[in-house]
Amino acid sequence: MTPGDAVSWSGRSPMDYEKPEALNPQIFPQSGHQSPQPDGEATLHGYEDPAPPEDKREFRGESLWRVLDERHINMIAFSGTIGNGLFLGSGRSLASAGPGGAVVCYILMGTVISSVISCLGEMTALMPVNAPVMEFPRRFVSRGVGFAVGWVYWFAYAVLAGEQLVAVSNAIKFRYDDGITFLNWEVGQKVDNAVWISVFLTLVILFNMFPVRVFGELEYIFGCFKLMFIILLIMMMFFLSIVQPRGEAYYQEPLGTRYWNSPYSFFNLVYNAKDENLHVKHSIEGSLGTLLGVWTTFTSVMFSYIGMDIVAATAAESRALSDVESMKMAARKINLRVITLYSLAMLTASFVVPMDHPFINGHSTSVGARSVFIIAVVEAGMPKVAHFFNAVFVFSAFTCGINSMYIATRVLHTLALRGQTGPEFITRRLRQCRSGVPVRAVLVTGAIMMVAYMGRDGSVGARLDELANNCTVSCLVVYASICATYLYFFRTLENAKIYGNTSESQAASYDRDNPLYPYKSHGQWLKACYGLIACIILILFNGVGAFIEPFSIRKFVAAYISLPIFLLLILCYNIRKHGLRFGDWWTDKSGDLSQTVQASSYKRKGRLEFPDNGITRDNWATFVHWVWVWMK
């Protein structure tokens, strides 16, 4: 079966979705049912292994190669998330919301994205299909919504990849000049942004042409490096706040919590309205100013978390697709790692940089100079470290561009497999793969990434912020759709449990209280409601800054263009398929629960259960193994 089959592993053709019997929840005998084993990996009986031997793979064809292991998936998602949203955008958050407000924003937005990933993770663990972000809305909401989610998802990551190229070109033009310290990358200053965008666009395309196995190994290395760097960053910011400063530092005593105490405050009490060139036009003080500062920070913080959904988007190339523990652990690890590291990074940085620093309030001499981490080491008397940090920021944005393009190309390839990319002569070419890589999908996505050239001019960071805002809203639309899909999925599970004629061996597939149910997060339907409401509110009010004088058309378009495009895609799909028969627009979902999988053992991966009482050698070995499972 190919990733484009509408129903995975069920033996039914994609055209079955057109038949009346496919429009209601269905329970099928499961040839792929798993029997509980004493311990070990999940095994699908009667299921054809999606990862054929290397000598039997097609060099040319329409299929992706499933060669990625769990470690590759974890690090592709981690590497795709860690980028300029944190390194270059945290200063903007600190300036807008204040030290405490910025940390609160990272934690709150972390709970929102965690709710979304838990919804996606549970559905994917139970039904490990290809392209789950698009397939589940198609199954449980409507095919029109699935179609729209697919195109918005592709557009979001294609633009995100372009935004990363803008970040790279801006970071290379590094210049830091505060009147005391002068740092400058002359090569970056002398070469036009368009040249850097062209160079790195070519490199990003070349990396995405590598066979996916090579790509996975490179991303594993990149992800490990980023993980070590961000841990180093957190430790360094913490020690800079408590140790006696160097002789070259801008201050003579340890900073401690100075920038949290009076005359500073937990929240920023003043909101500065800026024009398109980041010049302050007027200020709003008091409670309203605090609210506006925190609210506008929500969007920029959410941008930092974009990429965590990659953990499910790699399903088409995952060798461990049918291993329910793999998806469960991947979803939980990415939530735990990213939210914890981001919150700690923002917290420790707020100890060493004040919220009124001019460089994070629109007066920086370059994009790199507005990073709180670079400001911290420069003012601590370590300017050489600032060069290293900026080099890592360039590398980080570049690798995020690689990951974003990877996801965009796989989404476009899946759309082509479903015949949803226009005329047949275009669709046929987008389906083609070489060594498991959708080469033409890579080239088409690379063409869309040329949107990055729109960010070559403008004031420092202004175009970067606009592109980031547009990517954020597009992803929020997708995240809201995932949460809504989960609620439909949850209701379908309840109906299957009540009305379905299932055997005892199949019960774990539909009963969330069964110990063999693949992945259950307590109160998940409440989390889905919370994530849905939060995403909708953020979508509707994320552009509030555009309405504050002076009104900015560019900010308004960047903030809201994705929503009408999403609705227009749904409208066009339904009119084409159903005409003006409005009653059919929302009844073409299948609610298909066939070919679900179960855990293979009552002993679940990642759960700490000691074999003995007291302190014994076996208990220590169990504990060390548990730590390793969560750390690897």
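Conventions adopted
- Residues numbered from 1 in each chain as written.
- Predicted model: local features only at pLDDT ≥ 70, side-chain atom pairs only at ≥ 80, totals over all residues.
- Heavy atoms only, no water.
- UniProt positions renumbered as here; feature names shortened; annotations may be inferred.
- Helix = DSSP H or I, 4+ residues; strand = E, 2+ residues; numbered from the N terminus.
- Buried < 20%, exposed > 50% of the residue type's maximum accessible area, 1.4 Å probe, protein only.
- Contact = heavy atoms within 4.5 Å.
- Areas by Shrake-Rupley, 256 points an atom, 1.4 Å probe, with all protein chains shown as cover.
- Disulfide = S-S within 2.5 Å.
- Salt bridge = Lys/Arg side-chain N within 4 Å of Asp/Glu carboxyl O.
- Phe/Tyr/Trp six-rings, centres within 6.5 Å; stacked < 30°, edge-to-face > 60°.
- Core = buried A, V, L, I, M, F, W, Y, C linked by side-chain atoms within 4.5 Å.
- Patch = residues over 30% accessible without salt bridge, like charges linked within 9 Å, V, L, I, M, F, W, Y side chains within 5 Å.
- Expected span 1.5 Å × (residues − 1).

- The protein chain carries the name Amino acid permease/ SLC12A domain-containing protein in an unreviewed UniProt entry, which gives Triangularia setosa as its organism.
- Under the Subcellular location (unreviewed entry) heading, UniProt states for the protein chain: "Membrane".

1. Overview of the overall build of the protein chain
- Helices and strands together make up the secondary structure of the protein chain, namely 21 helices and 6 strands.
- With 632 residues in all, the protein chain has 59% of them scored as buried.
- The long-range fraction of contacts in the protein chain, counting pairs at least 24 apart against all pairs at least 6 apart in sequence, stands at 78%.
- Of the roughly 25200 Å² that the protein chain leaves accessible, carbon and sulfur atoms contribute 63%.

2. Re the state of the cysteines
- Using the criterion set out here, one finds 0 disulfides in the structure.
- The thiol of Cys535 is unpaired, and the distance to the nearest cysteine sulfur, on Cys483, comes to 5.3 Å.
- Assessed through its relative accessible area of 0%, Cys535 is described here as buried.

3. So, the pattern of salt bridges
- Inspection of every chain in the model, using the stated rule, returns 8 salt bridges.
- Linking Lys190 and Glu186 is a salt bridge whose minimum nitrogen-to-oxygen distance equals 3.8 Å. One end of the pair is Lys190 and the other is Glu186, both in helix α6 (residues 186-190) and 4 residues apart, which spans about a single turn.
- Classification of Lys190 as exposed rests on a relative accessible area of 68%.
- In the salt-bridge network here, residues are joined through shared partners; they are Arg71, Arg213 and Glu217.

4. Let's talk about the packing of aromatic side chains
- Inspection of every chain in the model, using the stated rule, returns 35 aromatic pairs.
- Residues Phe174 and Trp185 carry aromatic rings whose centres are separated by 5.8 Å and whose planes lie at 75° to one another, so their mutual orientation is edge-to-face. Here Phe174, found in the loop between α5 (143-172) and β2 (175-177), pairs with Trp185, found in the loop between β3 (182-184) and α6; they are 11 residues apart in sequence, far enough to count as distant.
- Looking at Phe174, the relative accessible area reads 0%, which means it is buried.

5. Considerations on the nonpolar core
- Counting 172 residues, the largest nonpolar core has Tyr176, Met237, Tyr305, Phe373, Phe389, Ile482 and Phe489 as the members making the most contacts within it.
- The greatest single-element share of this core, amounting to 20 residues, is contributed by α5.
- Beyond its immediate stretch of four places on either side in the chain, Phe489 contacts Glu122, Met123, Leu126, Met127, Phe140, Tyr517 and Leu593.

6. Brief notes about a nonpolar patch on the surface
- A contiguous nonpolar surface patch, about 620 Å² in accessible area, is contributed by Phe547, Phe551, Ile553, Phe556, Val557, Ile561 and Ile565.
- Sort the elements by how many residues they give to the nonpolar patch and helix α19 (residues 553-560) lands first, with 3 residues.
- With respect to the element layout, Phe547 can be found in helix α18 (residues 544-547).

7. What about α5?
- When the terminal C-alpha atoms of α5 are compared, their 44 Å separation across 30 residues agrees well with the 44 Å that a helix rising 1.5 Å per residue should span.
- Of all 30 residues making up α5, 29 are buried, and the element is well covered by its neighbours.

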